[in-house]
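Chain and residue survey
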Amino acid sequence: MIDWHSHILPQIDDGSQSISESVALLTELKSQGVNTVVATPHFYANEETVQTFLNRRQKAFDELSPSLSDGLPKVLLGAEVCYYSGISRLENLECLKIENSNLLLLEMPFSRWTEYTIRELLELSASGRFTIVLAHIDRYISMQDRDIWDRLYENGILMQANASFFTKFFKKKKALYFLQNNRIHFIGSDSHNMTTRPPKLNLAYDYVSQKLGSDILTEINGFGKALLG
Ligand SMILES: [Fe+2]
């Protein structure tokens, strides 16, 4: 399986704070059936340039690399790019795509999205420069109109959900509904550390398998894998 959203690179954001913590996260992810982890550190355009971010990300990855043994999941470099009005004009935005793919993971505002915001997403998608993936849609589902997900998907925008969507008592039925109706295309741990925000993909996989059978997990894994070069 692929973990599409994680903060496992050491000392680059509010995720892992050391190489040993990164290795512990990867070891745990491996035990949960993950063989590829997309590292998605936060990128905020109001704090740094794309190039500065890429340099910091490379440095973090280079520091971790000697500890990446054969048994650990493969790490792909990506970013959780914080959306802002006008992001489509950001220089080098393409460089923030997930390694070997056309996928750009966007973290959206934690509020009701305006029509302007939605149109900018649709234009970005229509430009063909990226395949837009909205990060952890479960965190803003309740703030949007119900029909928004159909509108976005019909315009080529894909959705990532966190594992916790499938484990929270009041949310997990909705998570299954979204997954069954092709409105969740990627599942991520969004893990930050081994204490307060550890990986719990196994709980999500178990719940989905138990309720829908494991074929749907195989399907979304295959779908995602095909989008990686
Ligand atoms: Fe995240």
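Structure's up top.
1. Things to note about the environment of Leu93
You can see Leu93 is positioned in the loop between β5 (80-82) and β6 (103-107). Spatially, the C-alpha atom of Leu93 lies 20 Å from that of Asn155, the residues being 62 residues apart in sequence. Setting aside residues up to four positions removed in sequence, Leu93 forms contacts with Val81, Ile87, Ser88, Leu104, Arg129 and Phe130.

2. Considerations on the sheet that holds strand β9 (residues 186-188)
Think of a sheet as strands paired side by side through backbone hydrogen bonds, with each pair either parallel or antiparallel. The six strands lie next to each other as β3-β5-β6-β7-β8-β9, forming an open sheet whose pairing is parallel. What marks the edges here is a single partner per strand, and that holds for β3 (42-43) and β9.

3. Remarks on the packing of aromatic side chains
Within the structure shown, the criterion is met by eleven aromatic pairs. Here Phe43 and Phe53 contribute two aromatic rings whose centre-to-centre distance is 5.4 Å and whose plane-to-plane angle is 70 degrees, an arrangement assigned as edge-to-face. Here the residue Phe43 occupies a position in strand β3, and Phe53 occupies one in helix α2 (residues 50-64), the gap between them amounting to ten residues. Judged on exposure class, the residue Phe43 and its partner Phe53 are both buried. Considering the side-chain rings of Trp113 and Trp149, the 5.7 Å spacing of their centres and the 75 degrees angle between planes classify their relative orientation as edge-to-face. Taken together, the residues span a long stretch of sequence, with Trp113 in the loop between β6 and α3 (115-127) and Trp149 in helix α4 (residues 148-154) at a distance of 36 residues. Residue classification places Trp149 among the buried positions, given a relative accessible area of 3%. Taken together, the ring pairs connect Phe110, Trp113, Tyr140, Trp149, Phe165, Phe166, Tyr177 and Phe178 into an aromatic cluster.

4. What about the coordination of the iron ion?
By definition of the ideal shapes, a tetrahedral metal site with four donors has angles of 109.5 degrees and an octahedral site with six donors has angles of 90 or 180 degrees. At the metal site, the iron ion is ligated by His5 (NE2), His7 (NE2), Glu80 (OE) and Asp190 (OD), and these contacts range over 2.1 to 2.4 Å. Angles of 82 to 165 degrees at the metal separate the four donor atoms of the iron ion, which places the site in the irregular class. The sequence motif formed by the donor residues of the iron ion is H-x1-H-x72-E-x109-D. Remark: Asp190 occurs in the loop between β9 and α6 (201-212) and His7 occurs in the loop between β1 (2-3) and α1 (19-31); sequence separation between them is 183 residues. Given the relative accessible area of 1%, His7 is considered buried.

5. Examining the side chain of Gln32
Its location among the elements puts Gln32 in the loop between α1 and β2 (36-39). Only 2.7 Å separates the side chain of Gln32 from the side chain of Glu28, close enough to count as a polar contact. Of note is the side chain of Gln32, whose polar atom sits 2.9 Å from the backbone nitrogen of Leu201.

6. Thoughts on the nonpolar core
By size, the foremost hydrophobic cluster in this structure holds 76 residues, and its most contacted members are Ile8, Leu96, Leu106, Leu134, Trp149, Leu152 and Phe166. Of all the elements, α2 adds the most residues to this core, at six residues. What Leu152 contacts, discounting residues up to four positions off in sequence, is Trp113, Ile118, Leu121, Leu122, Leu134 and Ile157.

7. Section: a positive patch on the surface
A grouping of Arg146, Lys168, Lys171 and Lys174 is seen on the molecular surface, where their side chains present a positively charged patch. With respect to the helices and strands, Lys171 occurs in the loop between β8 (158-162) and α5 (172-180).

Rules and cut-offs
Residues numbered from 1 in each chain as written. Predicted model: local features only at pLDDT ≥ 70, side-chain atom pairs only at ≥ 80, totals over all residues. Heavy atoms only, no water. Helix = DSSP H or I, 4+ residues; strand = E, 2+ residues; numbered from the N terminus. Contact = heavy atoms within 4.5 Å. Pairing = 2+ DSSP bridges. Phe/Tyr/Trp six-rings, centres within 6.5 Å; stacked < 30°, edge-to-face > 60°. Buried < 20%, exposed > 50% of the residue type's maximum accessible area, 1.4 Å probe, protein only. Donors = N, O, S within 2.8 Å, 3.2 Å for Na, K, Ca; no water. Tetrahedral: all angles 85-135°; square planar, octahedral: opposite > 155°, others 65-115°. Polar contact = N/O pair within 3.5 Å; in protein donor to acceptor, adjacent residues only side chain to side chain. Core = buried A, V, L, I, M, F, W, Y, C linked by side-chain atoms within 4.5 Å. Patch = residues over 30% accessible without salt bridge, like charges linked within 9 Å, V, L, I, M, F, W, Y side chains within 5 Å. Areas by Shrake-Rupley, 256 points an atom, 1.4 Å probe, with all protein chains shown as cover. Salt bridge = Lys/Arg side-chain N within 4 Å of Asp/Glu carboxyl O. Lys, Arg positive; Asp, Glu negative; His and termini not counted. Charge placed at Lys NZ, Arg CZ, Asp CG, Glu CD.

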